[in-house]
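# Examining the three-dimensional arrangement
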Amino acid sequence: MRGRFAPSPTGRLHLGNLRTCLLAWLQVRRAGGRFVLRMEDIDRGRSRAEYAAGIFEDLRWLGFDWDEGPDVGGPFAPYTQSERLDRYREVLARWQAEAWVYPCTCSRKDLLAAAGAPHAGEEGPVYPGTCREALSHPERPRAWRFHVPRGTEVRFADGLLGGQAQDAAREVGDFIVWRNDGWPSYQMAVVCDDADMEITDVVRGADLLASTARQILLFGALGRPAPRWHHVPLWLDDAGERLAKRSGGYLIADLRTEGVAPEQALAFMARSLGWATPDRISLGELLDPRFVLRDAAGNPWPRAALRPPLSDPPR
C-alpha cells in the first residue's frame, strides 16, 4: 500500500485538513505501507513558501511522519509539483500525439454566454465542444482539453461511499488538462503524480468526489490503473459550512499558539470520527485497531461524522 497527503500551500492547515491526513496516515501505517507527502503548489497566484513551511511545522507538531516527500526525497522525486513541469509537458505531448486532447481558446465568459450551455454546479458550464473542429478565437492563447466522447460513463467503488457512477460527457464534458497560461490543471497534475509515485490508495475530502471520474479517464490515457478511492465527509462548522483555509477558522497554528497540546488536537479529531478517546491521545495510540471506522455495511473503513462538535474546541 502506498498512500499520500497532498496539501496545497495556499494557507495554513485547519482541523479538517489534518483529520483527512490522520485517516490516510493510519490506513497506511496499519498496513505497513509507505506514506508520501506531496506539495501541490501549481496555484501560482495563492501558493506561498511560508505556507509550505507552515505545513511541515503543523504536521511535525502533531507527530506525523512520512517515508517520501519534498524534505526527505525518495525514489519518485521531486515531490513538489512546481518542480515537475517537465514531466507534465512530456505527458501533454504524448496526449497530443495520441489525440486524447485538443486545443481550445474559449474563455469562461464565452461558455457562460453560450446559448443553452448546461451548468454543472460549482464546476461551471459543461463545455459544448466549440473548439473540437476549429479554434473559436485563433488569436488567443491556447488551453488543451481532454476529449470525453458522448456516452462515456465512469463507474467506480468508493471505500466509504460505495458504488459511484458519472456520465462524464453529460455532467463534465471535455475538460481542461493544460491551462492557457502554460501550467497543467489540477486534474492533470494530480493524476500524473499519483501514477508516477505508484499511489495505491487516495484518502481525501468528499468535495473532490466529482473529480474522480475525470481522473479515472486520465489514468486510462496514461495506461495506468487508478488507485482505490476513499472520500471522507467534510468537517462542517456550527453553521453547517465546511472548514476552509480562506475562512481562517480552527487553524492548527492557532491551536498551538493558544497552548493546546498536540495530543489534545488529535483527541478532538478522533472524537469527530465517533471514536471514544480520552482528552489526550498520541498518534501511536490511535494505531490501536479499536480506532477503526466502518462503512454502512459494518466493514472496517471510514464512516465519518458529518458535523462534529466544533462548538467545543480542544482545550
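Residues numbered from 1 in each chain as written. Predicted model: local features only at pLDDT ≥ 70, side-chain atom pairs only at ≥ 80, totals over all residues. Heavy atoms only, no water.

### As for the overall build of the chain
For the record, the criterion: In DSSP terms, a helix is any run of H or I states spanning at least four residues, a strand is any run of E spanning at least two, and both are numbered starting from the N terminus. Partly exposed residues are those whose accessible area sits between 20% and 50% of the maximum for their type, while under 20% is buried and over 50% is exposed, using a 1.4 Å probe and protein chains only. In this description, contact between two residues means that some pair of their heavy atoms is separated by no more than 4.5 Å. We get accessible surface area from the Shrake-Rupley algorithm with a probe of 1.4 Å; when it comes to residues, only the shown protein chains can shield them.
Counting its secondary structure elements, the chain contains 10 helices and nine strands. Out of the 315 residues belonging to the chain, those deemed buried represent 50%. Residue pairs in contact within the chain that sit at least 24 positions apart in sequence constitute 73% of those at least 6 positions apart. As presented, the chain carries roughly 14,300 Å² of accessible surface, and 49% of it is formed by carbon and sulfur atoms.

### Regarding the packing of helix α3 (residues 85–97) against helix α7 (residues 212–222)
Definition in use: Between N-to-C directions, angles cover 0 to 180 degrees, with each direction set by a line fitted to C-alpha atoms, over the stretch in contact for helices. Each angle receives one of four descriptions, namely roughly parallel if under 35 degrees, roughly antiparallel if over 145, roughly perpendicular if within 65 to 115, and oblique otherwise. For this scheme, ten residues count as nonpolar: Ala, Val, Leu, Ile, Met, Phe, Trp, Tyr, Cys and Pro. Four count as charged, namely Asp, Glu, Lys and Arg, and the remainder, Gly too, count as polar.
Running from N to C, α3 and α7 point in directions that differ by 80°, and their axes come no closer than 11 Å. Our classification of the angle between α3 and α7 gives roughly perpendicular. Counting all contacts with α3, which are made through V91, R94 and W95, the residues of α7 involved are L218, A221 and L222. Split by residue class, the contact of α3 with α7 holds five nonpolar, no polar and one charged.

### Topic: the sheet that holds strand β3 (residues 101–104)
Selection rule: Pairing between two strands requires that DSSP report at least two bridges joining them.
Taken together, the three strands give an open sheet; going across it, the order is β3-β4-β7, and neighbouring strands pair in antiparallel fashion. Bordering the open sheet on either side are β3 and β7 (175–178), each of which pairs with just one other strand. The mean angle between the axes of side-by-side strands here comes to 45°, regardless of whether they run parallel or antiparallel. In terms of strand pairing, β3 meets strand β4 (residues 143–146) through four bridges, oriented antiparallel. Within β4, the residue paired with P103 across the bridge is W144. Sitting on the sheet, α3 touches β3, β4 and β7, and the angle it makes with β7 is about 125°.

### Regarding the packing of aromatic side chains
This is how the line gets drawn: Here a Phe, Tyr or Trp ring, Trp counted by its six-membered ring, pairs with any other such ring whose centre lies within 6.5 Å, and the pair is stacked when the planes are under 30 degrees apart, edge-to-face when over 60, and tilted otherwise. Only Lys NZ and Arg CZ are tested; either one counts as a charge over a ring when it is within 6 Å of the ring centre and within 35 degrees of the ring normal.
Following the criterion strictly, the structure yields seven aromatic pairs and no others. The ring of Y127 carries R145 above its face, with NZ or CZ at 3.7 Å from the centroid. The ring of W61 is capped by R256, whose NZ or CZ atom sits 5.5 Å from the centre of that ring.

### Examining unusual backbone geometry
At the junction of A77 and P78, the peptide bond is cis and its omega measures out at 5° in the coordinates. Its place among the elements puts P78 in the loop between α2 (49–62) and α3. The phi angle at A99 is positive, at roughly 65°, despite the residue not being glycine. Within the fold, A99 resides in the loop between α3 and β3.

### Regarding the state of the cysteines
Worth spelling out the cut-off: Only a pair of cysteine sulfur atoms within 2.5 Å qualifies as a disulfide here.
Counted under the stated rule, the structure contains zero disulfides. Distance from the sulfur of C104, which forms no disulfide, to the nearest cysteine sulfur (C131) is 3.9 Å. On the basis of relative accessible area, C104 is assigned to the buried category, the value being 2%.

### Regarding the environment of L266
Relative to the assigned elements, L266 resides in helix α9 (residues 262–272). Residues contacting L266, with those up to four places away along its chain left out, are L62, I281, S282, L283 and L286.

### Focus: the confidence of the model for the chain
Filter applied, for reference: Confidence scores per residue from the predictor, reported as pLDDT, run from 0 to 100.
For the chain, the average pLDDT comes to 87, and 85% of its residues sit at 70 or higher. pLDDT under 50 marks residues 302–315. Its contacts with residues more than four places away, or in other chains, come to 50 contacts.

### Brief notes about the pairing of strand β5 (residues 153–158)
Burial along β5 is one-sided: the face carrying V154, F156 and D158 is buried and the face carrying E153, R155 and A157 is not. In terms of strand pairing, β5 meets strand β6 (residues 162–167) through six bridges, oriented antiparallel. Among the inter-strand pairings, R155 is bridged to a residue of β6, identified as A165. Counting the residues in the hairpin turn of β5 and β6 gives three residues.

### Things to note about the side chain of Q166
With respect to the helices and strands, the residue Q166 is situated in strand β6. Its relative accessible area of 12% is what places Q166 among the buried residues. What Q166 contacts, discounting residues up to four positions off in sequence, is T152, E153, V154, E171, V172, A210 and A213.

### A few points about the pairing of strand β1 (residues 2–5)
Stated precisely, the cut-off is as follows: Looking down the strands as they point away from you, a crossover is right-handed if its path from the first strand over the helix to the second goes clockwise.
Residues R2 and R4 of β1 are buried on one face, and the alternating residues G3 and F5, pointing to the opposite face, are buried as well. Following the chain from β1 across helix α1 (residues 15–31) to the adjacent parallel strand β2 (residues 34–37), one finds a crossover that is right-handed.

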